[in-house]
Structures are given as C-alpha cells and as structure tokens.
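Here are the chains, one letter per residue:
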Amino acid sequence: MSHDEEANEHTQLLDPRIAELRGRKQSTQVHDEAASIVSSHISKEEQELAGTAIGERLPYNDYTTIDWLHDLVKDSFRHRAIKSRTSLKGRCLAGWDSCQGWVAASMIGIFTALVAFCVDVAEATISDYKVGYCSSNPFQSREACCTKRLPLGTMEEMGEYCEEWKMWSQNYWGSFGIYVVFALIFGIIAGSVTITTKANLPAARQNDDDAQSSRRILTRGLLSMAAGSGIPEIKTILSGFVIPHFLDFKVLFVKAVGATFAVSTGLCLGKEGPFVHISTCVGYLVANLFPKYRENGRKMREMLSVACSSGLSVAFGAPIGGVLFSYEEISTYFPRKVLWRAFVCSLFAAIVLKALNPTGTGKLVLFETNYGIDYDPIHYLVFISLGISGGLFGGVFCQANFLWSKTFRKYSIIKNHPVFELSLVVLVTALLQFPNPLTREAGDVILKNLLVDCRHPEGSWVCQQEALEDKSHYYGWLVYGTTVKLILTIVTFGCKVPSGIIIPALDAGALFGRLIGQIIPTSSPGMFAMVGAAAFLAGVSRMTVSLAVIMFELTGEVDYIPPFMIAIMVAKWVADALSSESVYDLAQTVLGHPFLDPEHALSIVRDKGLLVEELIPPSQTMREITLDVGPEYKVSKSLLATKLSQLKARGLMDAGLVLVDSNKMLHGYLAQAELDFAINEAGVMTDSEPVDLLVGIVSTFVDRTPLTICAKAPMEYAVELFGKLGLRHLIVVEEGSSKVVGVIIKKRLVVFLEGLVH
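What counts as what
Residues numbered from 1 in each chain as written. Predicted model: local features only at pLDDT ≥ 70, side-chain atom pairs only at ≥ 80, totals over all residues. Heavy atoms only, no water. Helix = DSSP H or I, 4+ residues; strand = E, 2+ residues; numbered from the N terminus. Buried < 20%, exposed > 50% of the residue type's maximum accessible area, 1.4 Å probe, protein only. Contact = heavy atoms within 4.5 Å. Areas by Shrake-Rupley, 256 points an atom, 1.4 Å probe, with all protein chains shown as cover. Pairing = 2+ DSSP bridges. Axes fitted to C-alpha atoms, helices over the stretch in contact; angles between N-to-C directions. Patch = residues over 30% accessible without salt bridge, like charges linked within 9 Å, V, L, I, M, F, W, Y side chains within 5 Å. Salt bridge = Lys/Arg side-chain N within 4 Å of Asp/Glu carboxyl O. Phe/Tyr/Trp six-rings, centres within 6.5 Å; stacked < 30°, edge-to-face > 60°. Lys NZ or Arg CZ within 6 Å of the ring centre and 35° of its normal. Left-handed = near helix turned anticlockwise from the far one by under 90°. Nonpolar A, V, L, I, M, F, W, Y, C, P; charged D, E, K, R; others polar. pLDDT = per-residue confidence, 0-100. Core = buried A, V, L, I, M, F, W, Y, C linked by side-chain atoms within 4.5 Å.

### Quick look at the overall build of the protein chain
Okay, so step 1: The helix and strand inventory of the protein chain stands at 31 helices and 12 strands.
Okay, so step 2: The 758 residues of the protein chain split such that 56% are buried.
Okay, so step 3: Expressed as a percentage of contacts within the protein chain between residues at least 6 apart in sequence, the contacts between residues at least 24 apart total 75%.
Okay, so step 4: Of the roughly 32000 Å² of accessible surface on the protein chain, 60% is carried by carbon and sulfur atoms.

### Re the sheet that holds strand 7 (residues 656-660)
Okay, so step 1: One open sheet accounts for three strands, arranged 5-7-8; its pairing is mixed. In this open sheet, the two strands that pair with only one neighbour each are strand 5 (626-628) and strand 8 (666-671). Along the sheet, successive strands turn relative to each other by an average axial angle of 25°, direction set aside.
Okay, so step 2: Bridging between strand 7 and strand 8 involves five bridges; their strand directions are antiparallel. Within the sheet, the bridge partner assigned to Val 660 lies in strand 8 and is Leu 666.

### Topic: a nonpolar patch on the surface
Okay, so step 1: A cluster of nonpolar side chains, Ile 378, Leu 381, Ile 384, Ile 388, Leu 392, Val 396 and Leu 578, forms an exposed patch at the surface whose accessible area comes to about 610 Å².
Okay, so step 2: Looking at the nonpolar patch element by element, the count peaks at five residues for helix 15 (residues 379-407).
Okay, so step 3: With respect to the helices, strands and loops of the structure, Val 396 is situated in helix 15.
Okay, so step 4: Using a relative accessible area of 42% as the deciding quantity, one classes Val 396 as partly exposed.

### A short note on the packing of aromatic side chains
Okay, so step 1: Taken as a whole and assessed by the stated rule, the structure comprises 30 aromatic pairs.
Okay, so step 2: Between Trp 68 and Tyr 333, the ring centres sit 5.6 Å apart and the planes meet at 65°, which makes this aromatic pair edge-to-face. Taken together, the residues span a long stretch of sequence, with Trp 68 in helix 4 (residues 68-83) and Tyr 333 in the loop between helix 13 (319-330) and helix 14 (336-356) at a distance of 265 residues.
Okay, so step 3: With a relative accessible area of 6%, Trp 68 lands in the buried category.
Okay, so step 4: Taken together, a centroid distance of 6.3 Å and an interplanar angle of 75° make the contact between Phe 408 and Tyr 411 edge-to-face.
Okay, so step 5: Its relative accessible area of 53% is what places Tyr 411 among the exposed residues.
Okay, so step 6: Aromatic rings pair up to connect Tyr 133, Trp 168, Phe 182, Phe 186 and Phe 261 into one cluster.
Okay, so step 7: Positioned over the ring face of Tyr 333 is Arg 298, at 4.8 Å from the centre of the ring.
Okay, so step 8: Of note, Arg 440 hangs over the ring of Phe 434, and the distance from its end group to the ring centre comes to 4.3 Å.

### Examining helix 8 (residues 231-238)
Okay, so step 1: Taking burial as the measure, the eight residues of helix 8 include eight buried ones, the bulk of the element.
Okay, so step 2: Of the residues making up helix 8, those classed as buried are Ile 231, Pro 232, Glu 233, Ile 234, Lys 235, Thr 236, Ile 237 and Leu 238.

### A short note on the packing of helix 15 against helix 24 (residues 561-578)
Okay, so step 1: In contact at an axis separation of 7 Å, helix 15 and helix 24 are set at 35° when each is read in the N-to-C sense. Regarding helix 15 and helix 24, the two cross each other, and that crossing is right-handed. Residue-level inspection shows Tyr 380, Phe 383, Ile 384, Gly 387, Ile 388, Gly 390, Gly 391, Leu 392 and Gly 395 of helix 15 in contact with helix 24, the latter providing Pro 563, Ile 566, Ala 567, Val 570, Ala 571, Val 574, Ala 575 and Leu 578.
Okay, so step 2: Taken together, the residues of the contact of helix 15 with helix 24 sort by class into 13 nonpolar, four polar and no charged.

### A closer look at the pairing of strand 12 (residues 740-745)
Okay, so step 1: Counting buried positions along strand 12 yields five of six residues, so the element is predominantly enclosed.
Okay, so step 2: Where strand 11 (residues 729-733) meets strand 12, five bridges bridge the pair, whose relative direction is antiparallel. When the bridges of strand 12 are listed, Val 733 appears paired with Val 740.
Okay, so step 3: Where strand 11 folds back onto strand 12 in an antiparallel hairpin, the turn is made up of six residues, including Gly 736, whose phi is positive at roughly 90°.

### Looking at the sheet that holds strand 11
Okay, so step 1: Strand order in the open sheet formed by three strands is 10-11-12, with mixed pairing between adjacent strands. Where the open sheet ends on each side, the last strands, each with one partner, are strand 10 (708-710) and strand 12. Ignoring strand direction, the axes of neighbouring strands in this sheet form an average angle of 30°.
Okay, so step 2: Note: strand 10 against strand 11, three bridges, orientation parallel. Residue Cys 710 lies in a different strand from strand 11, and its bridge partner there is Val 733.
Okay, so step 3: Across the sheet, helix 30 (residues 715-725) is in contact with strand 10, strand 11 and strand 12; its angle to strand 11 comes to roughly 155°.

### Observations concerning the confidence of the model for the protein chain
Okay, so step 1: Looking at the protein chain as a whole, the pLDDT averages 83, with 85% of positions reaching at least 70.
Okay, so step 2: Considering only residues more than four positions removed or in separate chains, one finds that residues 1-30, a stretch of pLDDT under 50, has 35 contacts.

### As for the nonpolar core
Okay, so step 1: One finds Ile 243, Phe 316, Phe 397, Leu 506, Met 551, Phe 564 and Val 583 to be the most contacted residues of the largest nonpolar core, which totals 117 residues.
Okay, so step 2: Top element by residues in this core is helix 22 (residues 525-541). It accounts for 12 residues.
Okay, so step 3: Sequence-distant contacts of Met 551, that is, excluding residues within four places in its chain, are made with Leu 506, Met 530, Ala 534 and Phe 564.
Okay, so step 4: Core analysis: the second largest hydrophobic core is formed by 34 residues, Ile 625, Val 629, Phe 701 and Ile 731 among them.

### Observations regarding the pattern of salt bridges
Okay, so step 1: Inspection of the entire model under this criterion finds 21 salt bridges.
Okay, so step 2: Where Glu 123 meets Lys 271, a salt bridge forms, and the shortest distance between an N and an O atom there is 3.3 Å. Residue Glu 123 is located in helix 5 (residues 88-128), and its partner Lys 271 is located in the loop between helix 9 (249-264) and helix 10 (272-287); the two are separated by 148 residues in the primary sequence. For the pair formed by Glu 123 and Lys 271, the shared burial category is buried.
Okay, so step 3: A salt bridge links Lys 337 to Glu 302; the shortest N-O distance between them is 3.6 Å. With Lys 337 in helix 14 and Glu 302 in helix 12 (residues 297-316), the pair connects residues that are 35 residues apart, well separated along the chain.
Okay, so step 4: Judged by relative accessible area, which is 3%, Glu 302 ranks as buried.
Okay, so step 5: Each of Asp 75, Arg 78, Asp 97 and Lys 292 takes part in one network of salt bridges that share partners.

### Quick word on the packing of helix 15 against helix 21 (residues 502-517)
Okay, so step 1: Close contact between helix 15 and helix 21 brings their axes to 11 Å; oriented N to C, the two are set at 145°. Helix 15 and helix 21 meet at a crossing whose hand is right-handed. Taking contact as the criterion, the partners of Val 382, Leu 386, Ser 389 and Phe 393 in helix 15 are, on helix 21, Ala 508, Phe 512, Gly 513 and Ile 516.

Here it is in structure tokens:
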C-alpha cells in the first residue's frame, strides 16, 4: 500500500514486508560476512533477539543508561531456552541456574567480610601510630597490645596498666607535634593513592551554546573513583546509569587502602560509607563470574543491590540494618527475590566477620551497652529535643557542605591539587582535635568512649570527669567537641579521599547527647549520647527505619528502640523543613550524575501541572534526530553518517534516531551506539549500496516497539514510565493524529526536573 493511499477497514495493519519479519531467520536477511561481524560483538542472548521486533543491542556504552525493558525480555528468552531442555543435563543446568543468585550472594558476603577484616585490623593499628607503638609487637594496636584482644583469638585481661605500650614522647608538645606529622603523612598517602583512580566523567547537565540553537555542549568533570563514600555513584548505577571502571578491582583495592589511611589521620570521616562501595565492587566482580549477570544490565543491578547490604553488615555488625539500608537508601529496583538474597548476603558477611573477630571481643556488636536504667515518660521530651537538634545539625550541615563544595573547591589551586586540600584539612583537624581528649582518637573509638556506662568505668577518662564536683572544663570540652565536629565535617566531606559521613555524624550526636545527659538527674548520660547519635545521623542522611534497626544492632539496646524512633522521626522532619535533600542527594547534584528519584520527581511536577509537551525538543533538534525511511525503507550510508555526526555533536550518548515515514508515523528507533557501530565497523555497510532498514543488517538493531506517549498527557505519566519501567527513551506523539512530535531520553528528563528545582 502506498503511504499516500487512504486506509480503510480492509487495509492490512502492517506493511507485508514488516509482517514477514516474524519467524524469519537472520541468516536469510544478510550476507554471512556482515552477520559474522555483528555476532562477534554481540552476546548469544542478544543474537536470539535479532529476529524479533525489539531488536538486538550492543553492550552498553560508557556513561549511558541501560534499557530495563529490553534486558527483561532478553532474560526471558534465556530463561525459556534453559527450561526448554528436558534431558537430565538440561534439568541440572536449570537447577544450577536457579541456584546461581544464592551462591553469588553467599560469595559476596564472605569476600566482603574478608576485606572488612583486613581494613579494620590495619586501620586500628595504623591509627595508633600517631601516639605510640607496641614494644612487644609493632603490628598491634594499643587495645590489642594492652588487653591481648587479638583477631582470631580470645581476650586475655592484662590489668589496668600497660607496660608494653610505649608513647613516642612523654612531653605534651612533643606528642602533639608527632601526632600532627603522622596525621599529615597518612593523609598524603591516602590522597595520593586515591587520585590514581581519577577519570573524566561526562556530566548529564548541559549548557546552551546558543539561545537560538538546540546544540548543547558536553561539560566534563573529573571523578576520582575511590574518593568519597561512593554511595551517590552507586545509587546512580543502580538507577540504570553506566559508570565504567567504578566497580573494578583496582578501585576496590585503592578504596580499601585509602580508607585505612584516611581514617587513621583522625579526619572527621569514617570507613563505613566506603565499605558500601567496597561490597558493591565485590558484588560486581563475583557477579561477572556468572554469564546471566555479566551479560544483563538489569540482572547485574539486582546483584549489586544485594551486595550493598553486606557493606553495612560488616561496617556495624548490623546484618538486618544492612538489608534495610540497601532497600531504603540505595536501591531503585528492589523486588522480593533481591530482598531474600540480600538477607543471605548480610548473613554470611556477619557470620564470617564474627568468626574472624577483628575487634578481639568475639562479639558482633561493636558498641555493646547495658545502662541498666529505664527511661521515664518525661524523658520523651528530651528525646524530642535531641531530634530537633539533630535535624538542625543535619539541615545546616547539608546546606553548608553543598555551598563549600560549590565555592571553595572551585578555586583552581584546590580543584587541581586535591592532595594539597587534603593536607590543609588534615593539619587543621589535627590542630583542633588533639587538644581535646574527647576527640583525639579515631571516630569509632570516640563513639565507644562516649557511650560508656560509668557504673563500670574501667579507667574511662569520661567517667573520671563526670565523677568530679567541678565539671566546667568537661562541659567546655563537650561543647568544643560538638562545634568542631560540625565545622570539620563540613569541610572534610567531599575531599578526594575515601570517606563516609556516618561515623562523624554519630560522634557529633554522641558529644551533644552526652552534654545534655549531664543536666538530667538520675539517668545515665550514655543513654542520651546514644539517642543523640541516632538523631544527628538521621538529620544528615534522612534514614529512618534502617537507622533505627542499625542503632539497636550497633548497641544491643533493644529496649531503646522507641527513643531511637522518636529522635529519628523528629530529626528527619526538622531537617526536611530546612533542606529537602540529604547529603547523598546533594553530592549527586555536585557530581552531575543523571539520577532520577521517582518520588522526588513526582513531588516536583505535582505542584506544576505540566504536560509532556514541555519535554518536546526544539524543531531543529527534531530535524536532526528524525529519519524519514521512505517508501522502500532504504536510506544512504552518507545520510546515516550525517545523522550520526549530529547526534555525537549533542554529546548525550543516549540519543538515537526516530524512524518515521512521510506522514510522520512511527516505524522504530535506532540507538546511537548501534548506528555508530554499523557505520564505522568495517564490513557491516558498503558505500555503494543503500542501507535497508527493514531486512538489512542494520534492521536487526531497530527497536520497532518503542513506547509512546501523547503530548497532552500529564507530566506525571512520563515520570512514572521512566521511574517504574526504567525506560531509556520515550516517543512523544501528537494528540489525535499520533504523528511523532518529539522524543524524551532519561537524561533530558533529569535535566528538565533539575531546572524546575533550581
């Protein structure tokens, strides 16, 4: 039927040549040579899709988004192929396929625990080198040297005094100077190791070059793969974005070494955030051993969500909290099977870590407390006050850290010399924290000291001070410590070194809570330090359910779950009133990753009343990304090359060509990566022959089933489609005629939503 011919009820719905594609084998459509070239670049699972309407795909390019629906269909093809085998061997293979997820989850938990054990032991030892060394074994920490709390062993008490631990200097100023020197050395090592993972990162955010033109300039940024906690990047990856090499073994190794030395400096950071990145790296490496995960982006991200849970499990000895953290804070897609596999992964991580016993206590609980004092109803007012304070701390911290990153770190000397910035921060931190006995130790030791129960002081400096009649100096140290922690955490978070925000926030909250506990009679101050720590972390991270579980697993205080819940709930409310975004959300904004949070996106568009037509690209852009296939579905190679150069000039990497006929009716979508391969790979196309988009080799790359949406549909429709289905692109059609008027890609939607906010 001619395209200009009027259709009626007797007209075939499909062009006869398109109908012939059903059941037609690839070998009858293309030359053997071209087919061989294509098959060498495409997995066997993808080749099974060549004869279908959805088409086959190349491996995802760097800095693009995956197609969740395509990967879902690909996995269904693989699943049916396995289940179709009825022989004994086929049934065994089907059983092994069903078990692979559980085996991989167990392996991830075991290997994550092994890495965490090495980091914990090394950090405890190296950190104590700032003040002294163990004369009997220089490779032991002060606690291991003095109490014989050895990993893989049992604890032997040595008494109150420790003759084997030798201080570098008995003089205060001598100890001060040595402390600062060692801190600087450790900081330089951590920073120098971290920048070895530096890479160029194309940002999703684009700037108009010309107000009258649709062309945009790709802005690039430098990303140190091992810097920071890694949580914002992992959230972006789990939402479907491809960041190459971010989960490689090199990054894992550098992250572990860098975190060890960074925490040993005494900076206001923790290793708990990096543990999430480390566990995800382990998950990626283990999942790559299984083809079903290696060759499917959707399945791979399921296993990465599983791996995230083991990071918090080994960081805090909180296996259930780790699972909830992955669900609440990290993952975009978290079905029930992922929940159970995350449960198994965390379980194995906790079992192995307890057996390895890095703390020497033989217990999984890091900061076990037993105050023996119940709280009264009047104390609920104190817990609410702690929640308000934690929310204020979190709101102020998030905004101040965001401004610090957007201003101070823009100076060229800071931006281009991250080790120099780190050295300055280490120096300031050492000078401010060493004079205060409460903040002189590493972050986890500070928290342990502040949660102490003074009914059993065991030589605790905190309990000695609280036993004095004149506590004015002690109160001053608590106020000073809380203030310094806030300021130093603001300037530290974001330095190019492995770092987490969890421990610094817990330290600040424990300092403030211990201070509040001094004015509450007949109560243990440690109780309020514990609740204050939860409140301050809730204000910074906006975690809720997972944080409450982590806190009771961390301390073993099940009776204090209601106070935890009250403080966390109030802190989140107050922090959200000051700033709707958590520290991880703001970090994603600074990095420029195209992360789409469906709930946050809906909250943005709900108040605007916008339609999908707002997302339609300008007319010049549509002319560049639209290809008229003509009546014969054939175009010249030169035309495709011109279209490809126009797509590359836009720099979005996720773009593609919308295939239409002369009436602007949709006939398919050809992604940029596949078009680039077909044009530039020798032997796939010839210059002399036109390219057949219906039965030629390029036709196997054409998606003939792209999802469409009416231009007059509410914006909420587009947000839900991208957020819930994980779309890579969405075609916009005209109301009434169904003619193609636009195309939306995920990055364009993210940038549009950011524009509404900022």
